[in-house]
Amino acid sequence: MKTELRPARLEDAARLTALTLRSKQSNGYDDAFMAACRDELTITEQALSSGNYWVAHQGDVFCGYASLIIDGQTSVGKIGDFFIDPDWQRQGIGQLLWDKILTLAKGNQLIKLYLDADPFAVPFYEAMGFVVVGKVPSGSITGRMLPHMEIQLIESLNHLKR
């Protein structure tokens, strides 16, 4: 069966939250850590109503999802969420979602994307062309700093043309 992409629906919120928590915990985080960041990792119907979430799926199985938040005042976008179910990692799901994000960025004439990464995800984002440009405080864990990453899109968008 082929992996397909579709916009997330409001009724996907609980399934996407569960996928997010499985993905995050697969990095070795303990239950106390997961409890501390549960609220931040919960996907709400309000967030999904933005229309910026895309689900990779095979039939009824969710493989991963990503979101792109576009600031209408600038030509910069934010990767709000990017999670792959642990059972589907290293199977091209991340690349499929990344290509969708790039297509959306191109369609919205964005020139730069940024995100605040889980430290375990930095190698993936670096493989996509992001670079660490600083650190930002975690929204869940006091004193924890996260890598702040950016990518200039001109080269990445040229890659899409090939």
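Each value, and the rule that gives it
Residues numbered from 1 in each chain as written. Predicted model: local features only at pLDDT ≥ 70, side-chain atom pairs only at ≥ 80, totals over all residues. Heavy atoms only, no water. Helix = DSSP H or I, 4+ residues; strand = E, 2+ residues; numbered from the N terminus. Contact = heavy atoms within 4.5 Å. Polar contact = N/O pair within 3.5 Å; in protein donor to acceptor, adjacent residues only side chain to side chain. Expected span 1.5 Å × (residues − 1). Buried < 20%, exposed > 50% of the residue type's maximum accessible area, 1.4 Å probe, protein only. Pairing = 2+ DSSP bridges. Axes fitted to C-alpha atoms, helices over the stretch in contact; angles between N-to-C directions. Phe/Tyr/Trp six-rings, centres within 6.5 Å; stacked < 30°, edge-to-face > 60°. Lys NZ or Arg CZ within 6 Å of the ring centre and 35° of its normal. 1 Å grid on protein atoms, 1.4 Å probe; cavity = no way out; pocket = protein on both sides within 12 Å on 5 of 7 lines; lining within 4 Å. Points joined across faces, edges and corners; volume = space filled by probe spheres on them. Nonpolar A, V, L, I, M, F, W, Y, C, P; charged D, E, K, R; others polar. Core = buried A, V, L, I, M, F, W, Y, C linked by side-chain atoms within 4.5 Å.

A. The environment of Tyr 65, seen in detail. By the secondary structure assignment, Tyr 65 is in strand β3 (residues 61–70). Spatially, the C-alpha atoms of Tyr 65 and Ala 32 are 25 Å apart, while their sequence positions differ by 33 residues. With residues up to four places along the chain from it excluded, the contact list for Tyr 65 reads Leu 16, Leu 19, Thr 20, Ile 43, Tyr 53, Trp 54, Val 55, Asp 81, Phe 82, Phe 83 and Leu 97. At a separation of 2.5 Å, a polar atom in the side chain of Tyr 65 contacts the side chain of Thr 20.

B. Quick peek at helix α1 (residues 13–25). Helix length check: α1, at 13 residues, gives a terminal C-alpha distance of 18 Å against a target of 18 Å (1.5 Å per residue), a fit within 8%. Along α1, the positions that sit buried rather than exposed are Ala 13, Leu 16, Thr 17, Leu 19, Thr 20, Leu 21, Ser 23 and Lys 24. For α1, the elements touching its buried residues are α2 (31–41), α3 (45–48), β2 (53–58), β3 and β4 (76–84).

C. Looking closely at the sheet that holds strand β1 (residues 4–7). One open sheet holds the 7 strands; their spatial order is β1-β2-β3-β4-β5-β7-β6, and the pairing between them is mixed. Looking at the sheet topology across the chains shown, the edges are occupied by β1 and β6 (131–137). When the angles between neighbouring strand axes are averaged without regard to direction, this sheet yields 25°. Pairing of β4 with strand β5 (residues 112–116), which is carried by 3 bridges, proceeds in the parallel orientation. Following the sheet pairing, Gly 77 is matched in β5 by Leu 113. Against the sheet, α1 makes contact with β2, β3 and β4, and its axis sits at roughly 95° relative to β3, the strand it touches most. Relative to β3, helix α4 (residues 93–107) is tilted by about 25°, and along the sheet it contacts β1, β2, β3, β4, β5 and β7 (145–152).

D. Summary view of the packing of aromatic side chains. Tallied over the full model, the rule gives 9 aromatic pairs. The interplanar angle of 25° and the centroid separation of 6.2 Å between the aromatic rings of Tyr 53 and Tyr 65 together place this pair among those described as stacked. Here Tyr 53, found in strand β2, pairs with Tyr 65, found in strand β3; they are 12 residues apart in sequence, far enough to count as distant. A single burial state applies to Tyr 53 and to Tyr 65, both of which are buried. The rings of Phe 82, Trp 98, Phe 124, Tyr 125 and Phe 130 are connected pair by pair, giving a single aromatic cluster. When the ring centre of Phe 62 is taken as origin, the NZ or CZ atom of Arg 15, which lies over that ring, is 3.7 Å away.

E. How the structure looks around the layout of surface pockets. Of the voids in this model, the largest pocket is the one considered here, and its volume is about 1,100 Å³. Taken together, 44 residues line the largest pocket, and the ones lying closest to its centre are Phe 82, Phe 83, Asp 118, Ala 121 and Tyr 125. Elements that contribute at least two residues to the lining of the largest pocket include exactly α1, α2, β3, β4, α4, β5, α5 (122–127) and β6. The leading source of residues in the lining of the largest pocket is β4, at 7 residues. Of the residues in the lining of the largest pocket, the class split is 22 nonpolar, 14 polar and 8 charged.

F. View of the nonpolar core. In terms of nonpolar packing, the biggest core is built from 25 residues, with Ile 79, Phe 82, Trp 98, Leu 113 and Phe 130 touching the most fellow members. Within the residue set of this core, elements represented by two or more residues are β3, β4, α4, β5, α5 and β7. Looking at which element gives the most residues to this core, the answer is α4, with 6 residues. When near neighbours in sequence (up to four residues on either side) are disregarded, Phe 130 contacts Ile 79, Trp 98, Leu 113, Tyr 114, Leu 115, Tyr 125, Met 149, Glu 150 and Ile 151. Counting 17 residues, the second-largest nonpolar core is a separate cluster that includes Ala 13, Leu 21, Leu 41 and Phe 83.

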